[in-house]
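Examination of the molecular architecture
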Amino acid sequence: MAIKPKQPLGRIAYINARLMDPASGLDVKGALLTDGEVIADFGAHLFTDGVPEGMATVDCQGHCLSPGLVDMRAQLREPGDEHKGTLASDGRAATAGGVTSLVCLPNTQPVIDDMSVVEFVARRARLLGLAKVYPYGAVTRGLEGQELAEMGMLAEAGALAFTDAVKAVADAQIMRRALSYAATFGLMIIEHPEEPTLAAGGDMNAGETATRLGLSGIPRQAEVIIVERDIHLAELTGGRIHFAHISTAQALDAVRRAKTRGLAVTCDTAPPYFALNEIEIGDYRTFAKLSPPLRAEDDRVAVIEALKDGTIDSIASDHTPQDEDAKRLPFAQAAFGGVGLETLLAITLELYHNAHLSLNETLRLITAAPANLLGLAAGRLKKGAAADLIVFDPDRGWKVNADNLLSKSKNSPFDGRPVQGRVIRTVVDGRTVFQLED
Amino acid sequence: MSDTASDTLDFPHRHLLGIEGLSPDEITLLLDRSESYVEQNRQADKKKSTLRGRTIFNLFFEASTRTRTSFELAGKRLGGDVINMSVATSAVKKGETLIDTAMTLNAMHPDVLVVRHPDSGAVNLLAEKVNCAVINGGDGAHEHPTQALLDALTIRRRKGRLSGLLVAICGDVLHSRVARSNIHLLNTMGARVRVVAPKTLVPTAAERLGVEVFDDMNAGLADCDIVMMLRLQSERMDGNFFPSIREYFHFFGLDYEKLGNAKEDALIMHPGPMNRGVEIDSEVADDYGRSAIREQVEMGVAVRMACLEILTRTGSETAQGNP
C-alpha cells in the first residue's frame with residue numbers, strides 16, 4: 001500500500017453523537033471537537049448553538065462516538081509470514097473493526113526478542129498511519145523457553161510486556177526467574193496457559209465431541225495447571241502475571257480465588273470463548289480449530305459469568321491469521337487460530353444485546369480495561385488525549401462473511417454468523433482511517 | 001568505637017567461622033589488631049616471630065588465588081609454617097570424605113586450619129571435628145568473614161567510622177558469601193545497608209537480614225557513602241538469572257553515570273576478581289581517587305595476620321587441654 005503524506009489537520013467537529021466513555025461512565029448526547037491529532041473538547045454543552053462557519057464537521061447521526069478499541073492480543077505476520085498478513089492488511093482490518101491500538105505478539109520471524117525488531121514493527125506501523133501497533137517482547141530467546149530474552153532493553157525499546165506468544169513457558173524455574181526478572185522493570189508477563197505436554201497432539205477440547213469425531217483431545221486441566229502454577233510463582237516472586245484467553249471454568253475459579261486473596265493476577269478472554277462452544281467444529285470445520293480449543297457449553301457460560309463478576313479483566317481479539325494452505329487440511333493437520341479484528345466489536349456487543357452487561361460496561365472490556373492493564377494512554381475520551389475514536393451503531397445488523405473481510409487471511413470462526421453492531425468511522429490521531437461504505 | 005578494646009578484651013571464640021553472632025566489641029578488637037599490622041606490612045622488614053613454631057594449613061577445596069596468597073603471606077610474616085593444600089593435590093579427589101580429610105590433617109597437629117569450600121556449612125562441619133582453630137576462608141554462599149573484616153578496615157581508614165554510613169552492596173547478592181558477611185558486619189557496626197540487584201539475584205527474604213532492597217541502580221545508589229560491587233558469579237548459576245552480559249551491564253554495571261547518584265566522595269569497592277565491563281566499568285575501577293579496590297587487597301593481609309594471631313593466642317590454651 002502506498003504511504004500517503006499526511007495533510008495538516010485543522011479542527012473537526014463531531015456532532016449529533018451519543019458520547020460514550022466507558023472509563024468515566026459518560027453516556028450523553030453531545031459533540032466532540034478534535035484539534036489536530038488530539039481531543040480538544042467534548043460534552044453535551046458543545047456546539048449547542050451550532051458549529052462555527054467553515055469548521056469541518058462530521059455528523060454522527062445519533063450513533064455512538066467512543067474511544068477506539070484497544071486490542072491487547074493480535075498476531076501479526078510481518079515480518080516473516082507476509083503471505084498470511086501484512087502490517088498494512090491487518091492494519092486495515094483493525095481500523096475496519098474499530099481497533100485504533102493493538103498489541104502484537106512476538107511470534108514473528110524474526111522473533112521479537114531483539115530491540116531492532118521492536119523498532120522495525122513500531123516504525124513500519126507508524127508510517128502506515130493505520131491502527132497504532134505496540135509489540136510485546138519475548139520472555140525467552142527465540143520463544144524457546146530456555147534463556148531469558150533481554151527484557152530490560154526490549155522494554156526500553158518499547159515492548160509493553162512479555163509473552164512467549166502461543167506457548168506457555170513450560171519450565172517452572174524459568175518462569176519463576178522470568179516473573180522475577182520482569183518485575184525488576186515493573187513489567188507484566190502474559191501467559192498462554194496451556195501445559196504443553198498435556199496439550200501435545202491434541203486437536204480440540206477433550207470430551208464427548210472429540211471422542212465422537214475421533215479427534216484427540218486437549219483436556220481442560222492443561223489450562224488450569226499452568227494458571228495455578230503461575231499464580232503461585234507470581235506470589236513467590238512478586239511478579240505480575242496476566243493470563244491470555246481463558247477458556248475454562250476451572251481456570252476462572254483459580255483466578256477468582258487469587259483475586260479474592262488480593263494477588264495482582266489478571267486475565268482476558270477472546271470472543272470465541274463466550275460466543276461459541278466445541279459444537280461449532282461440527283463436521284470438522286477447521287476455522288473453529290482454535291488455541292485454546294473451543295470448550296464445552298458450561299465453560300462458555302462460566303466465561304460470561306466471569307466477565308460479569310470482574311474475574312475477567314478484558315477481551316482481546318486473539319487475531320490469528322492463517323492462510324488457506326494452513327486451514328484446508330484434515331482437521332488434525334490444520335493450523336490453530338482465527339482472525340478476529342473485524343468481529344471484535346460485534347461479538348463483544350453480544351454481551352450487551354444479551355443483557356449480561358450495559359453498553360458502557362461492554363465497551364470498557366475492549367477500551368479502557370486493556371489500556372489500563374498495559375499502562376497505555378488510550379481507550380478513553382479525555383481532553384488533550386490522542387483523538388483515537390470510533391463512530392458505531394450498536395444495533396446495526398450484518399452477517400459475517402469471511403470473503404468480505406479486509407484481512408489477508410479469512411479464517412474467521414464466525415463466518416456466516418448474523419451479528420449486531422457495526423463500525424461506521426474510525427479515527428486515529430484525528431484522521432479518519434476507515435469509513436463504512438453503505 | 002573504643003580504641004582500647006584490644007587491650008582489655010580477649011576474643012572469646014575458638015574459630016572464626018562467620019561474622020553473624022560477633023559483637024561490635026569483638027569486631028572492633030579484630031579491626032584494631034589489623035590496624036597495627038598495616039604499618040608493619042609497609043616496613044622493609046615485615047617478619048615477626050609471633051607464630052614461630054605454629055603450623056597453618058591452607059585447605060582450599062575451591063580455586064582461589066588472592067585469598068590463599070593473602071593467608072599464606074599473613075602466616076609467613078608472623079613467622080608461622082604455612083602449608084597450602086588445594087583440591088587438585090588432596091586426597092579428596094581419591095574419594096576421601098571431608099571428615100576423613102579433616103581427621104588426617106588433625107593428626108598432624110596443626111594450629112590453624114584456613115578452609116575454603118564450595119558448600120555452605122562445610123567449614124562449620126569440619127570445625128567440629130578438629131582440635132585446632134578454624135578460619136572460614138569462604139564457604140559456599142554462606143560467609144567470608146575475613147573479606148568483610150578487610151572491607152570494614154578499608155572503610156574505617158577512609159571514612160573514619162562505620163556507624164551511620166550508607167552502604168550499597170550491588171550485583172549478585174544471591175550467590176555471594178561476601179555480601180552476607182558484609183551485611184552482618186555493617187549492620188552490627190551501625191551502618192545502613194542496601195542491596196541493589198535484579199530481583200533474580202536477590203535471595204528470598206533478603207530484607208529480613210536488615211537491608212533495604214532496590215532493583216534500580218540509580219535509586220539504590222542515591223546518597224550512598226560506599227558502593228560495594230560484587231562479582232557476577234556465573235560459575236554458580238545453574239540457569240538463567242539475567243538475559244545477557246550487555247543487558248546486565250546496561251542496567252546494573254557501575255559506570256560514572258550511575259555512580260553520579262552516590263555521594264560525591266563515595267568510595268568504590270570490589271572484592272575481586274573483577275569482571276570489567278560486566279559489573280564494573282574499567283574507568284571507574286581504575287579511578288584511583290575513588291576506588292579502594294587495591295587498598296582492599298592490602299588490608300586483607302593485615303586482617304588475616306590479626307585473625308591468625310588472635311586465634312592462636314586463645315586457641316593455644318584449649319589445645320593444651322586436648323593433647
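Data block above holds the structure.
Calculation notes
- Residues numbered from 1 in each chain as written.
- Chains lettered and ligands numbered in written order.
- Predicted model: local features only at pLDDT ≥ 70, side-chain atom pairs only at ≥ 80, totals over all residues.
- Heavy atoms only, no water.
- Helix = DSSP H or I, 4+ residues; strand = E, 2+ residues; numbered from the N terminus.
- Buried < 20%, exposed > 50% of the residue type's maximum accessible area, 1.4 Å probe, protein only.
- Contact = heavy atoms within 4.5 Å.
- Areas by Shrake-Rupley, 256 points an atom, 1.4 Å probe, with all protein chains shown as cover.
- Lys, Arg positive; Asp, Glu negative; His and termini not counted.
- Charge placed at Lys NZ, Arg CZ, Asp CG, Glu CD.
- Rg over C-alpha atoms; globule rule 2.2 N^0.38 Å.
- Polar contact = N/O pair within 3.5 Å; in protein donor to acceptor, adjacent residues only side chain to side chain.
- Pairing = 2+ DSSP bridges.
- Axes fitted to C-alpha atoms, helices over the stretch in contact; angles between N-to-C directions.
- Disulfide = S-S within 2.5 Å.
- Salt bridge = Lys/Arg side-chain N within 4 Å of Asp/Glu carboxyl O.

Observations regarding the overall build of chain B
- Looking only at helices and strands, chain B features 12 helices and nine strands.
- Judged by the C-alpha coordinates and their principal axes, chain B covers about 60 × 45 × 40 Å.
- The buried share of chain B, taken over its 323 residues, is 57%.
- Across chain B, contacts joining residues at least 24 apart in sequence account for 75% of those joining residues at least 6 apart.
- In the form shown here, chain B has an accessible surface area of approximately 13100 Å², with 48% of it arising from carbon and sulfur atoms.
- Across chain B, the mean location of the 37 positive side-chain charges is 4 Å away from that of the 44 negative side-chain charges.

Some thoughts on the overall build of chain A
- When helices and strands are tallied, chain A shows 15 helices and 18 strands.
- On C-alpha atoms alone, chain A measures out to a radius of gyration of 21 Å, which is about the 22 Å that the 2.2 N^0.38 rule sets for 438 residues.
- Counting over 438 residues, chain A shows a buried share of 61%.
- In chain A, the proportion of contacts linking residues at least 24 apart, taken out of those at least 6 apart, comes to 74%.
- Total accessible area computed for chain A in this model is approximately 16300 Å², and 49% of it derives from carbon and sulfur atoms.
- A gap of 2 Å separates the mean positions of the 44 positive and 57 negative side-chain charges of chain A.

A closer look at the side chain of lysine 289 of chain A
Residue and element names in this part refer to chain A.
- Inspection of the secondary structure puts lysine 289 in the loop between α9 (271-275) and α10 (297-309).
- Residue classification places lysine 289 among the buried residues on the basis of a relative accessible area of 1%.
- Engagement of the side chain of lysine 289 in a polar contact is seen with the backbone oxygen of alanine 332, the distance being 3.3 Å.
- Filtering out sequence-adjacent residues up to four positions away, lysine 289 remains in contact with Asp203, Lys327, Phe331, Ala332, Gln333, Ala334, Ala335, Phe336 and Gly337.

Here's the deal with the sheet that holds strand β4 (residues 133-139) of chain B
All names here are of chain B.
- Read from one edge of the open sheet, four strands run β2-β1-β3-β4, paired in parallel fashion. Single-partner strands in this sheet number two, and they are β2 (81-86) and β4. Taking each pair of neighbouring strands and ignoring which way they run, the sheet shows an average axis angle of 15°.
- For strand β1 (residues 55-60) and strand β3 (residues 112-117), the ladder comprises five bridges, and the chain directions are parallel.

Quick word on the state of the cysteines
Residue and element names in this part refer to chain B.
- According to the stated counting rule, one finds zero disulfides over all chains in the structure shown.
- Left without a disulfide partner, cysteine 132 is nearest to the cysteine sulfur of cysteine 307, which lies 15 Å away.
- Accessibility expressed as a relative area gives 5% for cysteine 132, which makes it buried.

Digging into the pairing of strand β2 (residues 26-35) of chain A
Residue and element names in this part refer to chain A.
- In this sheet, β2 lies alongside strand β1 (residues 11-21) in antiparallel orientation, the contact comprising nine bridges. Residue pairing for β2: leucine 19 is matched across the bridge by valine 28.
- Taken together, β1 and the strand that follows it, β2, pair antiparallel across an intervening segment of four residues, in which glycine 25 is found at a positive phi of about 85°.
- Relative to strand β3 (residues 38-43), β2 runs antiparallel, the two sharing five bridges. In the strand pairing of β3, leucine 33 is matched with aspartate 41.
- A loop of two residues connects β2 with β3, the two strands running antiparallel in sequence, and glycine 36 in this loop sits at a positive phi of about 65°.

Section: unusual backbone geometry
- With an omega of 0°, the peptide bond between glutamine 109 of chain A and proline 110 of chain A qualifies as cis.
- Mapped onto the fold, proline 110 of chain A is located in the loop between β7 (99-104) and α2 (115-128).
- A cis geometry characterises the amide bond from glycine 272 of chain B onward to proline 273 of chain B, with omega recorded as -10°.
- By secondary structure assignment, the location of proline 273 of chain B is in the loop between β9 (267-269) and α11 (282-285).
- You will see that glutamine 61 of chain A, though not glycine, has its phi angle at about 55°, which is positive.
- Looking at the element boundaries, glutamine 61 of chain A is found in the loop between β4 (56-59) and β5 (64-67).
- Take glutamine 61 of chain A: its relative accessible area is 60%, and that puts it in the exposed class.
- Even without being a glycine, tyrosine 284 of chain A presents a positive backbone phi close to 60°.
- Examined against the element boundaries, tyrosine 284 of chain A turns out to sit in the loop between α9 and α10.
- Here tyrosine 284 of chain A falls in the partly exposed class, since its relative accessible area comes to 36%.

With respect to the pattern of salt bridges
- Counted under the stated rule, the structure contains 47 salt bridges over all chains.
- A salt bridge links lysine 383 of chain A to aspartate 41 of chain A; the shortest N-O distance between them is 3.3 Å. In this pair, lysine 383 of chain A sits in the loop between α15 (368-374) and β16 (389-399) while aspartate 41 of chain A sits in strand β3, placing the two residues 342 residues apart along the sequence.
- Where salt bridges share partners, they join Asp10, Arg33, Glu309 and Arg313 of chain B into one cluster.

Describing the environment of isoleucine 218 of chain A
All names here are of chain A.
- With respect to the helices and strands, the residue isoleucine 218 is situated in strand β12 (residues 217-218).
- A relative accessible area of 2% means that isoleucine 218 is categorised as buried.
- Here the alpha-carbon distance between isoleucine 218 and alanine 200, two residues 18 residues apart in the chain, equals 7.8 Å.
- Apart from residues lying up to four places away in sequence, isoleucine 218 is in contact with Glu194, Ala199, Gly202, Asp203, Met204, Asn205, Ala206, Pro293, Arg295 and Phe336.

What to know about the interface of chain B and chain A
- Contacts between the two partners involve 17 residues from chain B and, on the opposite side, 19 residues from chain A.
- Our count for the contact surface shared by chain B and chain A stands at two salt bridges.
- Arginine 246 of chain B serves as the salt-bridge partner of glutamate 150 of chain A, at 2.6 Å between the closest nitrogen and oxygen.
- Run the count over chain B and chain A and you get 13 residue pairs in polar contact (both at pLDDT 80 or more).

Treat this as a map of the structure, not an account of what it does.
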